[in-house]
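Spelled out from the first residue to the last, the chains are:
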Amino acid sequence: MKKIVISTGGGDAPGLNAVIFAVVHACYKRGWEVYGSRDGYGGFLDLDDMVRLTPKDVAEIYSQGGTILGSTNKGNPFSLPVENLAGEIQVVDISDKIMRNFSRMGFHCHIAIGGDGSLEIAHRFAEKGMQVIGVPKTIDNDLEETERTFGFDTAVSTATEALDKLHSTAKSHNRVMVVEVMGRDSGWIALYSGISGGADVILIPEIPFDMDEVCAKINDNELHGKHYSIVVVAEGAVTQDGAAFNKGTGELGRQEVVLGGVGEYVASEIRKRTDKDTRSLVLGHLQRGGSPTTFDRLLALRFGAAAVRMVEEGIFDHMVALVNSKMVPVPITSAIRNRKKVSLDSDKMQTAEDIGICFGHSSG
Ligand code: F6P
């Protein structure tokens, strides 16, 4: 009988619960026990937060958003900032304690569900001797070695639905609507939702943009009798002249300080440079909420079941990946080496160009 522990790390993504569901069922079928660590590594530090999971505990969760294991953003156990008695912040390494509790609990393997940050931590535990398997989670779809991460399809569906709705209001008021979507420094969500949601302009980090080109597209729409435009901006998009946007802190970029983020910058430039009434909105965490789409559910269930097969086969320090429609183990280190960017020679990019979407790039 093996004892398996699962944790969810980083921001939530629709499909986390479906992975947990599959792991619990696949282990139960093999006569193994499953435990869930609450709040990331919380269960390793306080055993009251280590919860036994049986099929009855996970009934129905495959279709629910969020994670039953609680908040997932509790910091890096290898360098955790904690306040000492004098009220000062000190960075401590609590990884040895986690290793001790892993052994004390008699765990055979840790299935870590996470994005690049959580998988890097999982790999560091593997280096300390913990048997670890990774499951790729992020709405950003920016993990290398896997064609998809779960959560991405749901985020794209949410963004596309929002764009569909914005068309009618933009058209009614002859406005430009600028929609900022998530994705960190990759443009996957912007590209997929922008194409599917009828965007006129899509700005992605992979193609630094020129406001002249963006405004030329809006003016061209106007000239051809389309008096409204939809602009999708990835949160990590940057201008060709290197202006940086730091949402939240408003820190000085090379040329601009933009408190509202890149979406608000683009909207304000459109307002200044064209006669168009322009509004902007940030879709934000809506993209992380709600039930996983059928695609994400199925992918997450497949990832969970495949992770358990990897336990059986003894393949550790690997992440389960979707490669050519199959579940394939890949070394965690290669999955986290770089963030996966949109490939500019893909058919999706070609399609977008063919249907007249502007990416805001100029040759000069
Ligand atoms: O990585 C997922 C993601 O949703 C990014 O798209 C976004 O930049 C970030 O997390 C937001 O993080 P937080 O929930 O900490 O605001």
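All figures in this text were calculated on a predicted structure; none of them were measured in a lab.

Re the sheet that holds strand E9 (residues 201–203)
Each strand in a sheet pairs with another by means of backbone hydrogen bonds, the pair being arranged parallel or else antiparallel.
Consideration 1: If you walk across this open sheet you meet the 4 strands as E9-E10-E8-E11, and the pairing is parallel. If you trace the sheet from one side to the other, it starts and ends with E9 and strand E11 (278–282), each paired once. Averaged over all neighbouring strand pairs, the angle between strand axes comes to 15 degrees, with direction disregarded.
Consideration 2: Sheet analysis places E9 next to strand E10 (residues 229–234), joined by 3 bridges and oriented parallel. Bridged to Leu203 within E10 is Val233.
Consideration 3: The strands touched by helix H7 (residues 188–196) are strand E8 (176–181), E9 and E10; relative to E10, the strand with the most contacts, the crossing angle is about 160 degrees.

Remarks on helix H9 (residues 262–273)
Consideration 1: Spanning 12 residues, H9 covers 16 Å between terminal C-alpha atoms, matching the ideal 16 Å at 1.5 Å per step.
Consideration 2: Along H9, the residues that are buried comprise Val262, Gly263, Tyr265, Val266, Ala267 and Ile270.
Consideration 3: Residues of H9 that are buried in the fold lie against E8, E9, helix H8 (211–223), E10 and E11.

Considering the site of the ligand
Consideration 1: Taken together, Gly11, Gly115, Thr138, Ile139, Asp140, Met182, Gly183, Arg184, Glu235 and Arg288 are the residues near the ligand.
Consideration 2: Here the residues of the shell around the ligand sort into 2 nonpolar, 4 polar and 4 charged.
Consideration 3: If you count residues domain by domain, the shell around the ligand takes at least three from each of domain 1 (3–150 + 292–336) and domain 2 (156–289 + 343–355).

So, the sheet that holds strand E3 (residues 50–53)
Consideration 1: Strand order in the open sheet made by the 7 strands is E3-E2-E1-E6-E7-E12-E13, with mixed pairing throughout. The sheet terminates laterally at E3 and strand E13 (326–331), the two strands that pair on one side only. On average, each strand axis in the sheet is inclined to that of its neighbour by 30 degrees, with strand direction left out of account.
Consideration 2: Of the pairings in the sheet, the one linking strand E12 (residues 318–323) to E13 comprises 6 bridges and is antiparallel in character. Looking across to E13, one finds that Leu322 is bridged to Met327.
Consideration 3: Contacts from helix H5 (residues 116–127) reach strand E6 (109–114), strand E7 (132–136) and E12, with the element oriented near 160 degrees to E6.

Focus: the packing of helix H1 (residues 16–29) against helix H10 (residues 294–313)
Consideration 1: At a minimum axis distance of 7 Å, the contact between H1 and H10 shows a crossing angle of 35 degrees. Seen from above, H1 lies across H10 with right-handed handedness. Together, Ala18, Val19, Phe21, Ala22, Val23, Ala26 and Cys27 of H1 and Arg297, Ala300, Leu301, Phe303, Gly304, Ala305, Ala307 and Val308 of H10 make up the contact between the two elements.
Consideration 2: Residue composition of the contact of H1 with H10, by class: 13 nonpolar, 1 polar and 1 charged.

What counts and how
- Residues numbered from 1 in each chain as written.
- Predicted model: local features only at pLDDT ≥ 70, side-chain atom pairs only at ≥ 80, totals over all residues.
- Pairing = 2+ DSSP bridges.
- Helix = DSSP H or I, 4+ residues; strand = E, 2+ residues; numbered from the N terminus.
- Axes fitted to C-alpha atoms, helices over the stretch in contact; angles between N-to-C directions.
- Contact = placed C-beta atoms within 7 Å.
- Expected span 1.5 Å × (residues − 1).
- Buried ≥ 20, exposed ≤ 12 C-beta atoms within 10 Å, placed from the backbone.
- Near = placed C-beta within 6 Å.
- Nonpolar A, V, L, I, M, F, W, Y, C, P; charged D, E, K, R; others polar.
- Domains from an automatic or database assignment.
- Left-handed = near helix turned anticlockwise from the far one by under 90°.

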